[in-house]
Amino acid sequence: MDLENQKRIKQLTEEYGAENIIVVLGAAEGELSGLAAETVTVGDPTYAGCLTGVSLGLGVYHAVEPSFKAVCKPDVYEEQIGMMEMILDVEDITNEMTSVREEHSKYNK
Amino acid sequence: MSLFENKKYILIGDRDGIPGESLRAVVEHIPGSEIVFATTECFV
Amino acid sequence: MAKAVLKAAAYSLIHTPNFLENLGTTQTTTSPDSEYIKSLKENLRTYEEVINYLPNQVYIGNLHPDTLKKYERPFCTAEYKAGKRYGKFGEIMPEDEFILLIKYSDTFNLVLLEEEFLAQTLIKYENHPLKTDDEIKQLTGKGSKIADIEAELKNDAIGIYFDAKLVGCVKKAHDIDENLSSHVMIENLIVKASAGVCLKHLIAQDNVDFEKIGYVIECSEEACGDMNQRGGGNFAKAIAEIAGLKNAGGCDVRGFCAAPTHSLVHAAALVEAGIYEQVVVVAGGASAKLGMNGRDHVKKGYPILEDVLGTFAVLVTKDDGVSPVIRTDIIGTHTVGTGSSPQIVTKSLVEEPLKRNDLHISDVDKFSVEMQNPDLTSLAGAGDVPLANYKMIAALAVMNKEIERNEIMDFAEKHGLVGWAPTQGHIPSGVPYCGFLIDDLTSDTNINRAMIVGKGSLFLGRMTNLFDGISVVIERNTGSSQEATVSKEEVKQLIAEAMKEFAATLLGK
């Protein structure tokens, strides 16, 4: 994940408290989604950013996951995400996200 | 109440996936949501 | 109004492993103590490996993009040894010769090259088919002592390395202006020199007369200027100058990755309006993006694959009756009010201009979208970008009931191409197909209509959250140019007028 974004996430978590925050991802593949999810839960797996070794334990979801989709307004979701939902490998992304969340998220899962 | 309601949201979009602004458009409608950061990453 | 056609295209790559290490932002922002940086050199490819990398051979025109379908991914595992330095679109230049051209591109005595390196490389470069007398003259005997180069490094100069050995430097161009720092100067000189390589290949083509080129548009992603005008420009004229385009004016067009397609549209408009008969669109390479996803490539056990600078140059001229026609009436524009969801972006760029012209999505035989080589992004977990774009276009066709949902992959295969361009921002966006497009649309193929789609991430500049994009359709030339039709009508009118006059004189008499 972009280094500047890691810095912002760290600051915002300190400001609002990890239990109040949910991260939503829009990554194009399961693998990248998993890496980003790990970054905001157990720490940056690429050892590049300020979240290296920092376990924020945030609740993190990908926008195409059924549990997230269920809370969105259907027409807006269709207009904004519908096409990508058709194209992305939703199952792979959901599996990847679920496994990271179950193992590393401390809040909002 | 859903765990998604009344939360602060950090949105990390992807230029070649779902961009941050699209995430913003859907999250805005979740009851009590507040978007504290939205961005779009680019790998190309 | 004359039609504008896509007359010629050139593409070149420059293998730059040392610039990758010293200028690529991924490398310069990663801790020198990290495993990635410590083992960087052993993960770099040799020039021979770069030559034999299939996507690179496609880029310079030795293989058609469809050839890539026959190979397993990643392409870097293919046993291919038939790669050549030169192709019909350009070349893959080695780093040492390119370093010479950086010095040749320097008009302010900022570049020092070690005398032995310069002399030896000059001997090598003298075999280059496009070397010029002026290049040889300007470079001969212009070497510096290594001690002088080392001294400059202590004065904020940035080192130039070849084979991991210091062979030169670029000095800062101003004591306090960060816009003229050695880092900015080397990035900009690399844009200028690399674009120059490609422009020379363009004007060396048989059907190109450089003296007729009236305007040059440069569309890379760098900015040149000083502290009073940071993006002042004009790379275009600087590049036209080193390529010897003495009759050309020019300026820069910026728009992130979408800039080449914007520029293509600008060029077509200038030609159609009759302002210039021939316009070149050119761009140099982005040294900052070298090795951008290198960490991921290495982690997966592959070499660092983003080790080349990409450049391109295309020539737009008035209708010659043969070259593919740029349909300036079928242009898709992502407007301020369009929005940024992928389907809205795709609709505005693909569906809207076609619908407006009573065309279906499947009436476009080939789409040239963002043609990134999928090795580079897939190994970084970011997927196959061209394929994702084709799926989006196919999904629109599904929504329009042109195809069934289970035909998405077939559509992508039939109307798409496998990506082959380096992840150099503007370089892969829309324009990589122009060279093959000219071939495909002027030879016996079933491709008659193509669409070039450029997209750009404006939000990276932190000025707006807007996305950007522009598209244009290019069609096979039917030979019956508008100009010819108009002149026929003009002739008829002239005859009619002459007859009238004649009759009037007779009557008068």
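Residues numbered from 1 in each chain as written. Chains lettered and ligands numbered in written order. Predicted model: local features only at pLDDT ≥ 70, side-chain atom pairs only at ≥ 80, totals over all residues. Heavy atoms only, no water.

1. Re the overall build of chain B
Logical step 1: Check the secondary structure of chain B and you find one helix and two strands.
Logical step 2: Listed by position from the N terminus, the elements making up chain B come as β-α-β.
Logical step 3: Each principal axis of the C-alpha atoms in chain B carries an extent, and together these give about 40 × 15 × 15 Å.
Logical step 4: Buried positions account for 66% of the 44 residues belonging to chain B.
Logical step 5: Within chain B, residue pairs in contact and separated by at least 24 positions form 65% of the contacts whose partners lie at least 6 positions apart.
Logical step 6: Accessible surface, chain B: about 1,400 Å² in total, of which carbon and sulfur atoms supply 44%.
Logical step 7: Taking the average place of the 4 positive charges on the side chains of chain B and the average place of its 7 negative ones, the gap between the two points comes to 5 Å. (Helix = DSSP H or I, 4+ residues; strand = E, 2+ residues; numbered from the N terminus. Buried < 20%, exposed > 50% of the residue type's maximum accessible area, 1.4 Å probe, protein only. Contact = heavy atoms within 4.5 Å. Areas by Shrake-Rupley, 256 points an atom, 1.4 Å probe, with all protein chains shown as cover. Lys, Arg positive; Asp, Glu negative; His and termini not counted. Charge placed at Lys NZ, Arg CZ, Asp CG, Glu CD.)

2. Considerations on the nonpolar core
As a rule of thumb, nonpolar side chains are buried together in soluble globular proteins.
Logical step 1: In this structure, A:Phe68, C:Phe312 and C:Phe367 are the most contacted members of the largest nonpolar core, which totals 133 residues.
Logical step 2: When residues of this core are assigned to their parent elements, the largest contribution, eight residues, is made by helix 16 (residues 385-399) of chain C.
Logical step 3: Each of domain 1 (4-318) and domain 2 (325-485) of chain C accounts for three or more of the residues forming this core.
Logical step 4: Discounting residues that sit within four places of it in the chain, C:Phe312 has contacts with C:Ala10, C:Tyr11, C:Tyr59, C:Cys198, C:Cys219, C:Pro260, C:Val281, C:Val282, C:Ala283, C:Ile427 and C:Val431.
Logical step 5: With 40 residues, the next largest nonpolar core counts C:Tyr104, C:Leu118, C:Ile158 and C:Ile190 among its residues. (Core = buried A, V, L, I, M, F, W, Y, C linked by side-chain atoms within 4.5 Å. Domains from an automatic or database assignment.)

3. Overview of the interface of chain B and chain A
Logical step 1: With 27 residues of chain B in contact, the opposing surface of chain A contributes 35 residues.
Logical step 2: Sorting the residues of chain B by area buried against chain A places B:Phe4, B:Ile10 and B:Ile18 first, and these three jointly supply 23% of that buried surface.
Logical step 3: Across the chain B-chain A interface, the total number found is zero salt bridges.
Logical step 4: Counting across the interface, chain B meets chain A through twelve residue pairs in polar contact (both at pLDDT 80 or more).
Logical step 5: Ranked by residues supplied to the side of chain B that touches chain A, first place goes to strand 1 (residues 8-14) of chain B with seven residues.
Logical step 6: In terms of residue class, the side of chain B that touches chain A is made up of 15 nonpolar, six polar and six charged. (Buried area = accessible area lost by both parts, 1.4 Å probe. Salt bridge = Lys/Arg side-chain N within 4 Å of Asp/Glu carboxyl O. Polar contact = N/O pair within 3.5 Å; in protein donor to acceptor, adjacent residues only side chain to side chain. Nonpolar A, V, L, I, M, F, W, Y, C, P; charged D, E, K, R; others polar.)

4. Quick word on the domain arrangement of chain C
All names here are of chain C.
Logical step 1: If you check the domain split of chain C, you get domain 1 (4-318) and domain 2 (325-485).
Logical step 2: Distance between the C-alpha centres of domain 1 and domain 2: 26 Å.
Logical step 3: Facing 61 residues of domain 1, the contacting portion of domain 2 comprises 54 residues.
Logical step 4: Roughly 4,400 Å² is buried in total at the junction of domain 1 and domain 2, and carbon and sulfur atoms are behind 66% of that figure.
Logical step 5: The interface formed by domain 1 and domain 2 includes three salt bridges.
Logical step 6: For Asp384, the salt bridge is made with Arg73, and the minimal N-O distance between the two is 3.2 Å.

5. Focus: the side chain of A:Gln80
Logical step 1: On the secondary structure map, A:Gln80 appears in helix 4 (residues 74-87).
Logical step 2: Exposure remark for A:Gln80: the relative accessible area of 11% places this residue in the buried category.
Logical step 3: A polar side-chain atom of A:Gln80 sits 3.4 Å from a polar atom in the side chain of A:Glu79.
Logical step 4: With sequence-adjacent residues up to four places away left out, A:Gln80 is seen in contact with B:Ser22, B:Ala25, B:Val26, C:Ser341, C:Pro342 and C:Gln343.

6. Comments concerning the pattern of salt bridges
Residue and element names in this part refer to chain C.
Logical step 1: Applying the stated rule across the entire model yields 34 salt bridges over all chains.
Logical step 2: When the shortest N-O distance is used, the salt bridge between Glu135 and Lys200 registers 2.5 Å. Of this pair, Glu135 sits in helix 8 (residues 133-139) while Lys200 sits in helix 10 (residues 182-203), and the two are 65 residues apart along the sequence.
Logical step 3: Given a relative accessible area of 2%, Glu135 falls into the buried group.

7. Focus: the sheet that holds strand 1 of chain B
Logical step 1: Sheet architecture is open: four strands sit in the order 2(A)-1(A)-1(B)-2(B), paired in parallel fashion. The sheet is open, and its two edges are formed by strand 2 (59-62) of chain A together with strand 2 (34-41) of chain B, each paired on a single side. Across the sheet, the mean angle from the axis of one strand to that of its neighbour is 15°, orientation sign disregarded.
Logical step 2: By the bridge criterion, seven bridges tie strand 1 of chain B to strand 2 of chain B in an arrangement that is parallel. The partner of B:Asp14 across the bridge, within strand 2 of chain B, is B:Glu41.
Logical step 3: Contacting strand 1 (21-25) of chain A together with strand 1 and strand 2 of chain B, helix 1 (residues 3-16) of chain A runs over the sheet at an angle of about 170° to strand 2 of chain B. (Pairing = 2+ DSSP bridges. Axes fitted to C-alpha atoms, helices over the stretch in contact; angles between N-to-C directions.)

8. Notes on the pairing of strand 8 (residues 278-283) of chain C
Residue and element names in this part refer to chain C.
Logical step 1: Burial of strand 8 is extensive: six of the six residues sit out of reach of the surface.
Logical step 2: Side chains of strand 8 alternate between two faces, with Gln278, Val280 and Val282 and Val279, Val281 and Ala283 buried alike.
Logical step 3: Of the strand pairs in this sheet, strand 6 (residues 215-218) and strand 8 are connected by four bridges, and their pairing is parallel. By the bridge assignment for strand 8, Glu218 is matched with Val282.

9. Digging into the interface of chain C and chain B
Logical step 1: Contacts between chain C and chain B engage 21 residues on the former and ten residues on the latter.
Logical step 2: Of the roughly 1,300 Å² buried between chain C and chain B, counting both surfaces, carbon and sulfur atoms make up 56%.
Logical step 3: Interface area lost by chain C to chain B is led by C:Ser340, C:Phe459 and C:Asn465, which between them contribute 28%.
Logical step 4: The interface formed by chain C and chain B holds one salt bridge in total.
Logical step 5: Across the pair B:Arg15 and C:Glu370 runs a salt bridge, and its minimum N-O distance is 2.7 Å.
Logical step 6: For the pair chain C and chain B, the interface holds three residue pairs in polar contact (both at pLDDT 80 or more).

10. Comments concerning the packing of helix 4 of chain A against helix 16 of chain C
Logical step 1: Viewed as axis vectors pointing N to C, helix 4 of chain A and helix 16 of chain C meet at an angle of 115°, and their least axial separation amounts to 9 Å. Classified by the angle their axes make, helix 4 of chain A and helix 16 of chain C are roughly perpendicular. Seen along the crossing, helix 4 of chain A lies across helix 16 of chain C with a hand that is right-handed. Contact with helix 4 of chain A, carried on its side by A:Met83, A:Met84, A:Met86 and A:Ile87, involves C:Ala388, C:Lys391, C:Met392, C:Ala395, C:Leu396 and C:Met399 of helix 16 of chain C and no other residues of that element.
Logical step 2: Among the residues making up the contact of helix 4 of chain A with helix 16 of chain C, the classes are represented as nine nonpolar, no polar and one charged. (Parallel < 35°, antiparallel > 145°, perpendicular 65-115°, else oblique. Left-handed = near helix turned anticlockwise from the far one by under 90°.)

11. Some words on the sheet that holds strand 3 (residues 111-113) of chain C
Within a beta sheet, neighbouring strands are joined by backbone hydrogen bonds and run either parallel or antiparallel to one another.
Residue and element names in this part refer to chain C.
Logical step 1: The strand order across the open sheet built from three strands is 3-5-4, with neighbouring strands paired in antiparallel fashion. Each edge of the sheet is formed by a strand with only one pairing partner; in this case those strands are strand 3 and strand 4 (158-162). Across the sheet, the mean angle separating the axes of adjacent strands is 30° when strand polarity is ignored.
Logical step 2: Looking at chain direction, strand 4 and strand 5 (residues 165-170) are connected through five bridges and run antiparallel. Paired with Ile158 across the bridge in strand 5 is Val170.
Logical step 3: The strands touched by helix 9 (residues 146-153) are strand 3, strand 4 and strand 5; relative to strand 5, the strand with the most contacts, the crossing angle is about 60°.

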